[in-house]
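# Residue-level structure breakdown
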Amino acid sequence: MRENIEPTFRCRTRKAMDTLAEALNLPFEDWMQDWPYEVTIPVDIERFIVHYAKLTDEDEQFTLMESIIQLTEDQTTEALFIKYWQQIKPILQKDFYIHEYTIYYWACFDDENQVDCWKIAPLMRQLWQENHKLKLLFVCTVNRMRSATAHEIYKNDNRFEVKSAGTDKTANTVLTIDILNWADSIVVMEKYHRSYIRKHFPAIYNTKRIVCLYIPDEYDYMQAALIAILKDKIEDVYTRKLI
């Protein structure tokens, strides 16, 4: 399913773990590969949630939330499980971009039989579907006409997060590996742009959805005809779940 595209992998940092271990008086040894899960017990959850509210560093927030989710899962009664889920859900919604990968992981999308998943998995699936936006990257040559227009007309669409870039070195925003990695799906205007990605970024070409709209470079920025064509083609590929 389109909404279940795996987000960019994120992992905890040594600095964040060191800082949290000291602040929360937790043990931390080099051999602890799953540190956020190994050093916690269910009664820790209250002080972890309180400490999270004080954090400003995103790596520390990311790492501590891994523990908080595990502690929610480990609560000994259904009442406590629901109580703490109701506390952490608004935090996950507010900081969704930080915890996107963690939410996806706990949603257990790779297992259709939810009976075999964590009890928090259905709640994480719902949270994901309510908050995840498809990350669309529009690509043309110089990022001034076609991709820039697509960016403008879809920038406030609740379904998408959008960026745009160009393959030429003179583009307003030059296509880079970082921008390509950010995207869930890539929408190019001509076959040349898809070939460019295949040549210069083969790993991206082999792992990302890339759709060509076949729109020639003969329109001005925000030209009415270009807007109409873009909307028609983008809505078509979206409806057909090609992006």
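Each remark here, short or long, concerns the structure printed above.
This section reports on the structure supplied with the text. (Residues numbered from 1 in each chain as written. Predicted model: local features only at pLDDT ≥ 70, side-chain atom pairs only at ≥ 80, totals over all residues. Heavy atoms only, no water.)

## Describing the overall build of the protein chain
Definition in use: In this description a helix means any DSSP run of H or I spanning at least four residues, a strand means any run of E spanning at least two, and both kinds are numbered starting from the N terminus. Whether a residue is buried, partly exposed or exposed follows from its accessible area with a 1.4 Å probe, protein chains only, as a fraction of its type maximum: under 20%, in between, or over 50%, in that order. Note on areas: Shrake-Rupley with a 1.4 Å probe; residue coverage comes only from the protein chains shown. Only four residue types enter the charge count: Lys and Arg as positive, Asp and Glu as negative, with His and the chain ends excluded. Charge positions come from single atoms, namely NZ of Lys, CZ of Arg, CG of Asp or CD of Glu.
What the protein chain contains, in helices and strands, is 12 helices and four strands. Along the three orthogonal principal directions, the C-alpha set of the protein chain runs to about 65 × 35 × 30 Å. Expressed as a percentage of its 243 residues, the buried residues of the protein chain come to 48%. When the accessible surface of the protein chain is summed, it comes to about 12,700 Å², and 49% of that surface belongs to carbon and sulfur atoms. The positive charge centre, built from 30 side chains, and the negative charge centre, built from 38, are 7 Å apart in the protein chain.

## Some points on helix 6 (residues 96-107)
Here is the rule we go by: Helix span, as expected, comes to 1.5 Å for every residue beyond the first. For this analysis, residues touch if any pair of their heavy atoms sits within 4.5 Å.
Compared with an ideal rise of 1.5 Å per residue, which puts 12 residues at 16 Å, helix 6 spans 14 Å between its outermost C-alpha atoms and falls more than 12% short. Counting buried positions along helix 6 gives 10 out of 12 residues, so the element sits mostly inside the fold. The inward-facing, buried residues of helix 6 contact helix 2 (35-38), helix 3 (45-52), helix 4 (58-73), helix 5 (78-94), helix 7 (121-131) and strand 1 (134-140). Two residues or fewer after helix 6 comes Cys108, characterised by a positive phi angle close to 60°.

## Side note on the sheet that holds strand 4 (residues 209-212)
Stated precisely, the cut-off is as follows: Whether two strands pair depends on DSSP finding at least two bridges between them. An axis is simply a line fitted to the C-alpha atoms; with a helix, the fit covers only the stretch in contact. Between two such axes, the angle follows the N-to-C directions and lies from 0 to 180 degrees.
Here we have four strands laid out as an open sheet, ordered 2-1-3-4, and parallel in their pairing. The open sheet terminates on both sides in strands that have one partner only, identified here as strand 2 (160-166) and strand 4. Across the sheet, the mean angle from the axis of one strand to that of its neighbour is 20°, orientation sign disregarded. Sheet topology places strand 1 next to strand 3 (residues 185-188); four bridges connect them, and they run parallel. Paired with Val139 across the bridge in strand 3 is Val188. Seen against the sheet, helix 8 (residues 146-154) touches strand 1 and strand 2 and runs at an angle of roughly 165° to strand 2.

## Re the packing of helix 1 (residues 14-24) against helix 3
For the record, the criterion: By the definition adopted for this analysis, an angle is roughly parallel if under 35 degrees, roughly antiparallel if over 145, roughly perpendicular if from 65 to 115, and oblique otherwise. Left-handed describes a crossing in which the near helix is turned anticlockwise from the far one by less than a right angle; the clockwise case is right-handed. The classification used treats Ala, Val, Leu, Ile, Met, Phe, Trp, Tyr, Cys and Pro as nonpolar, Asp, Glu, Lys and Arg as charged, and all other residues, Gly among them, as polar.
Where helix 1 meets helix 3, the axes come as close as 12 Å, and the angle between the chain directions of the two elements is 120°. Accordingly, the angle class assigned to the pair helix 1 and helix 3 is oblique. Read as a crossing pair, helix 1 and helix 3 show a hand that is right-handed. Where helix 1 approaches helix 3, its residues Leu20, Ala23 and Leu24 are matched on the opposing element by Arg47, Phe48 and His51. Of the residues that constitute the contact of helix 1 with helix 3, the class distribution is four nonpolar, one polar and one charged.

## Re the packing of aromatic side chains
The criterion, for reference: Pairing of aromatic rings covers Phe, Tyr and the six-membered ring of Trp, with a centre-to-centre limit of 6.5 Å; geometry is then stacked below 30 degrees between planes, edge-to-face above 60, and tilted otherwise. Either the NZ atom of lysine or the CZ atom of arginine qualifies as a charge over a ring when it sits within 6 Å of the ring centre and within 35 degrees of the ring normal.
Counting across every chain of the model gives 13 aromatic pairs. For the ring pair Tyr104 and Trp128, a centre distance of 5.2 Å and an interplane angle of 65° mean the geometry is edge-to-face. Here Trp128 lies in helix 7 and Tyr104 lies in helix 6, a separation of 24 residues in the sequence. Across the pair, Trp128 and Tyr104 agree in class, each one buried. Just above the ring of Tyr238 sits the side chain of Arg159; from NZ or CZ to the centre is 4.8 Å.

## What to know about the packing of helix 6 against helix 7
Where helix 6 contacts helix 7, the two axes come as close as 9 Å, and the packing angle between them is 140°. On the basis of their axis angle, the class for helix 6 and helix 7 is oblique. Remark: the crossing between helix 6 and helix 7 carries left-handed chirality. Contacts between helix 6 and helix 7 pair Phe96, Glu100, Ile103, Tyr104, Trp106 and Ala107 from the former with Ala121, Met124, Arg125, Leu127, Trp128 and Asn131 from the latter. Tallied by class, the residues present in the contact of helix 6 with helix 7 amount to nine nonpolar, one polar and two charged.

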